[in-house]
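# Understanding the architecture of this molecule
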Amino acid sequence: PSVPEPADMEKVADGSDAMEAADGASRHQAAAPSRDGGYGLGRAALEEEVAAWDIDIRPDGQGLPEGEGDVWTGEELYVAQCATCHGDFGEGAGRWPQLALGMGTLTSDDPVKTVGSYWPYLSTVWDYVHRAMPFGAAQTLSDDEVYAITAYILYLNELVEDDFVLSSSSFADVEMPNAGNFFMDDRPDTELTAFSGEVCMENCKEDVQITARARVLDVTPDAGGGEGTDPTQTPTMDEAMDGGGQEDASAPAAAAPETGVAETADAASEAPDAGATQTAAADPALVEAGAAVFRKCQACHQVGDGAANRVGPQLNGLIGRTVGGLDGYSYSGVFADAAAEGVVWTEAHLAEFLSDPRGTYQGTKMSFAGLRSADEIAAVTAYIEAEGTE
Amino acid sequence: APDPAITELQPWQQYLGEGVDARPYGMPSEHEAHVVRRDVPWLTADPVSSVNFTPLHELDGIITPNGLCFERHHGGIAEIDPGAYRLMINGLVDTPLVFTLDDLKRFPRENHAYFLECAANSGMEWRGAQLNGCQFTHGMIHNVMYTGVPLRLLLEEAGIKTAGKWILPEGADASAMTRSIPLEKALDDCLVAFKMNGEALRPEQGYPVRLVVPGWEGNMWVKWLRRIEIGDQPWHHREETSKYTDLLPDGQARRFTWEMDAKSVITNPSPQAPITHGPGPTVLTGIAWSGRGTIPRVDVTLDGGATWARARMSGPSFDKSMHRFYYEFDWDGRPLLLQSRAHDSTGYVQPTKDMLREVRGENSIYHNNGIQTWAVNEQGVAENVEVSS
């Protein structure tokens, strides 16, 4: 008897004979039958019902509601609603996704896939923020708020200027840098044939060596269901699950440099005035450069005339000030501890902190990854000193 | 000496056990309390958007018990009142429709066993051996007998307009999960399922209704299915752009890599299931599956790939379902390098990890179906390793 193809089996509309599948497994299958004109089940959806649930947005703009939002409105919303997880600058806090920058990293060993570096369509941002964010309060943002937050995410990715207004009409003008770098699944050409065919069964290798071992990393949870280790240098599940970068799993996990808070505080205490007393005449070029760097700080910090505490404390007179010592600002525990010990902000201590905020004061609520370049640190320090001096 | 397990009267021989009213919904023996889904706390920022893993090394046959099917949520488990459940079909249709759960159960149903594998299964192993246990390296998979209505019947009920080429299933949970699926697949073998292994879907698996997309990556099997829109183009939503795309070494990325390639893993022995009986008769077993068909053959090696033997397939061989294989041998107590290699019904053979890396580099993360190696030492202890080609 001829063996029916799966396509033919779909057409079998009655309770017909058992059929012998090509692989020899017996199947007693007949497709559930269609009925001309349908079964008459269900009811027509009302327009307002469709409107309530039909929230999807497409790259061609289909589904976008009327509305608009600007970068600065977006910043306020973002700092209040998004920054706890995604970082004040989209750098990602803890293991939450990074949203900004990472351009030029996709071919590196540590690709950083963000809205700016990776996402091919802006509509995806609008759609996802609207349908699923803020995490735990989905679909609570108004359309204008979603436009504004989307505009701010574009700004964080340096794709628009700070006067940009995103609207249903300006939407199509935004070009996503990585849009051209996606292509349809090509496994039929690149893999399926290459991986098919005869296999070797005997004498396939002369010598077999172990080239990698899981125990080098030892990141498996304890058998008892305990916490396991917390390998800060290994790929996170968000990365594996959601497509972020992976560290080299074949390399041993480098323990994160744990700068003991007490140690840091002691070291700073021992040389409290070295930096504070050396307020050299500010280099105008350096201050100007620092003003640009300070844009990374100003979502949370103010400095200069009338500076007030916002998300972070105001920074007037910072150098020489007691760490965690400003009245009227609610510091995290580590800063309160430093204040109790009388640690003082020197230029050196500030530089140490800015280069690795969370390593220097573990538990600080400042969700900022830090400044990598010593030049940037020197510049922003000069700016804070120049602006914050009476 | 005589075995006290035989010579001494055991409590269960002497005293009456519980009656039939004690366990109206039965649970496993208290001695099986270690057989549970496990998560890896440091892997994710929050357990509400996270994953746990099926204890493959504790299971046999091809069906995954409902309570042990791995979970992946993006906004926690939605707890839906079946009386308030609605499924809407809208978009490019003649009549947008709303179905209740009772409506769905009046359509003709089908039963099929299918595997569901997360595209990120084994993703942690792309760059090298990392986690010691097949539960963690391969546990983002389960295999379930579904009962449901062919999606085709529901789409026919609404009447798809000629321009309709894609569907967008959407979940009712707090992440409102969406994926674009070509209409051809929707009409071919997708199910709108409300039973798993005979009983109602578990809440964590989409109660009361989930989409079944046979052979394709698990992220597309939208749980808590509330709506299906028909459109003329794909939507390119987050889970098909930012996520579930395969980044290649040149910086370009494959998208719509839906079908899960053939794959296998030895579940016993493995790091969580060492050989404890010493030399002598030993049962090696494992599972294999393919998103493109069945698994007629699995090869096994004990020496890291120098010599291979055909394993013995056992149990039903269903399309796009898990298959079980065994290889019995007398262990001589010497170290072993165990691997399995699946062949699917299209002729495709599971590649080594190095063969995959040759094509995809080391940033791809998803769709890692490379051959797994367990090193077993003289004590029978197994470890996750990689070996030379």
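Look up a bit, the structure's there.
Quick caveat: nothing in here was measured; it's all calculated off a predicted structure. (Residues numbered from 1 in each chain as written. Chains lettered and ligands numbered in written order. Predicted model: local features only at pLDDT ≥ 70, side-chain atom pairs only at ≥ 80, totals over all residues. Heavy atoms only, no water.)

## Some thoughts on the overall build of chain B
- Per the secondary structure count, chain B includes seven helices and 23 strands.
- Within chain B, buried positions represent 66% of all 389 residues.
- A separation of at least 24 residues holds for 71% of the contacts in chain B among residues at least 6 apart in sequence.
- Working note: accessible area of chain B is about 13,300 Å², and carbon and sulfur atoms make up 53% of it. (Helix = DSSP H or I, 4+ residues; strand = E, 2+ residues; numbered from the N terminus. Buried < 20%, exposed > 50% of the residue type's maximum accessible area, 1.4 Å probe, protein only. Contact = heavy atoms within 4.5 Å. Areas by Shrake-Rupley, 256 points an atom, 1.4 Å probe, with all protein chains shown as cover.)

## Comments concerning the pairing of strand β21 (residues 336-343) of chain B
Residue and element names in this part refer to chain B.
- Of all eight residues that make up β21, eight are buried, and the element is covered over most of its length.
- Neither face of β21 is exposed, since L336, L338, S340 and A342 on one face and L337, Q339, R341 and H343 on the opposite face are all buried.
- Relative to β21, strand β17 (residues 297-301) is paired through five bridges, and the arrangement is antiparallel. For D299, the partnering residue across the bridge sits in β21 and is R341.
- Pairing of β21 with strand β22 (residues 373-376) involves four bridges; the strand directions are antiparallel. Looking at β22, one finds that L338 is bridged to W374. (Pairing = 2+ DSSP bridges.)

## Focus: the pattern of salt bridges
- Going through the model one piece at a time under the given rule, you end up with 40 salt bridges over all chains.
- The network of salt bridges with shared partners includes D185, D186, R187 and E191 of chain A together with R254, E259, D261, R292 and R360 of chain B. (Salt bridge = Lys/Arg side-chain N within 4 Å of Asp/Glu carboxyl O.)

## Considering helix α3 (residues 71-81) of chain A
Residue and element names in this part refer to chain A.
- Along α3, the residues that are buried comprise V71, G74, E75, L77, Y78 and V79.
- Each element contacted by the buried residues of α3 is listed here: β4 (68-70), α4 (83-86) and α6 (143-156).
- Where α3 begins, one side-chain oxygen reaches toward the backbone nitrogen of W72, 3.0 Å away; that side chain belongs to D70. (Polar contact = N/O pair within 3.5 Å; in protein donor to acceptor, adjacent residues only side chain to side chain.)

## A look at the interface of chain B and chain A
- With 124 residues of chain B at the interface, the matching set in chain A holds 106 residues.
- Carbon and sulfur atoms make up 55% of the surface buried where chain B meets chain A, a total of about 9,600 Å² over both sides.
- When the buried surface of chain B facing chain A is broken down by residue, W42, R127 and R238 of chain B rank first, second and third, together holding 9% of it.
- Between E383 of chain B and R213 of chain A there is a salt bridge whose closest N-O contact spans 2.6 Å.
- Across the contact surface, chain B and chain A share 53 residue pairs in polar contact (both at pLDDT 80 or more).
- Counting residues per element, the side of chain B that touches chain A draws most heavily on strand β23 (residues 382-387) of chain B, at five residues.
- Along the lines of polarity and charge, the residues of the side of chain B that touches chain A split into 52 nonpolar, 34 polar and 38 charged. (Buried area = accessible area lost by both parts, 1.4 Å probe. Nonpolar A, V, L, I, M, F, W, Y, C, P; charged D, E, K, R; others polar.)

## Section: the sheet that holds strand β8 (residues 181-182) of chain B
- Spatially, β3(A)-β4(B)-β3(B)-β12(B)-β7(B)-β8(B) is the arrangement adopted by the six strands of the open sheet, whose pairing is mixed. Looking at which strands have only one partner, the edges of the open sheet turn out to be β3 (43-44) of chain A together with β8 of chain B.
- Two elements, strand β7 (residues 166-171) of chain B and strand β12 (residues 225-231) of chain B, share six bridges in a ladder whose sense is antiparallel. Paired with L168 of chain B across the two strands is E229 of chain B, which belongs to β12 of chain B.

## Let's talk about α6 of chain A
Residue and element names in this part refer to chain A.
- Given a rise of 1.5 Å per residue, 14 residues ought to cover 20 Å, and the 20 Å separating the end C-alpha atoms of α6 matches this to within 8%.
- Counting buried residues in α6 gives 11 out of 14 residues, a clear majority hidden from the surface.
- All buried positions along α6 are accounted for by V146, Y147, A148, I149, T150, A151, Y152, I153, L154, Y155 and L156.
- At its buried positions, α6 is contacted by β4, α3, α5 (122-132) and β5 (165-167).
- Positive backbone phi, at 60 degrees, marks E158, one or two positions downstream of α6. (Expected span 1.5 Å × (residues − 1).)

## So, the state of the cysteines
Residues and elements named next belong to chain A.
- Tallying each qualifying case throughout the model produces one disulfide over all chains.
- The disulfide that involves C200 links it to C204, with 2.1 Å between the sulfurs. Judged by the sign of its S-S torsion, about -100 degrees, the bond between C200 and C204 is left-handed.
- Using a relative accessible area of 34% as the deciding quantity, one classes C200 as partly exposed.
- Under the relative-accessibility criterion, C204 is labelled partly exposed at 26%.
- The thiol sulfur of C85 is not disulfide-bonded, and the nearest other cysteine sulfur, from C82, lies at 8.9 Å. (Disulfide = S-S within 2.5 Å.)

## Here we look at the environment of W119 of chain A
- As for its placement among the helices and strands, W119 of chain A is situated in the loop between α4 and α5.
- A residue is classified by how much of its surface remains accessible, and W119 of chain A, at 7% relative accessible area, is buried.
- Each C-alpha atom, one on W119 of chain A and one on N178 of chain A, is 6.5 Å from the other, the two residues being 59 residues apart in sequence.
- Setting aside its immediate chain neighbours within four residues, W119 of chain A contacts T114, T124, V125 and M176 of chain A together with R238 and S242 of chain B.
- Of note is the side chain of W119 of chain A, whose polar atom sits 3.0 Å from the side chain of S242 of chain B.

## Quick word on the pairing of β22 of chain B
Residues and elements named next belong to chain B.
- Where burial is concerned, the two faces of β22 agree: the one with T373 and A375 and the one with W374 and V376 are both buried.
- As paired strands, β22 and β23 are joined by four bridges and run antiparallel to one another. Bridging from a neighbouring strand, W374 pairs with N384 of β23.
- Hairpin remark: β22 followed by β23, antiparallel, with five residues in the connecting loop; positive phi at G380, about 90 degrees.

## A closer look at the packing of aromatic side chains
- With the rule as written, the count across this model stands at 27 aromatic pairs over all chains.
- Measuring from centroid to centroid gives 5.7 Å for F53 of chain B and F136 of chain B, while their planes differ by 70 degrees, and the two rings are edge-to-face. Of the two residues, F53 of chain B sits in the loop between β1 (50-51) and β2 (72-73) while F136 of chain B sits in helix α4 (residues 134-138), which places them 83 residues apart along the sequence. As far as the burial class goes, F53 of chain B and F136 of chain B line up, both buried.
- Through a chain of ring-to-ring contacts, three or more aromatic side chains come together here, namely Y329, Y331, F335, W345, F353 and Y361 of chain A.
- Above the ring of W235 of chain B, the side-chain terminus of R58 of chain A is found at 5.8 Å from the ring centroid.
- In this structure, R238 of chain B is placed above the aromatic ring of Y128 of chain A, and the distance from its NZ or CZ to the ring centre is 4.4 Å. (Phe/Tyr/Trp six-rings, centres within 6.5 Å; stacked < 30°, edge-to-face > 60°. Lys NZ or Arg CZ within 6 Å of the ring centre and 35° of its normal.)

In short, the description is geometric, and any link to function would need to be established separately.
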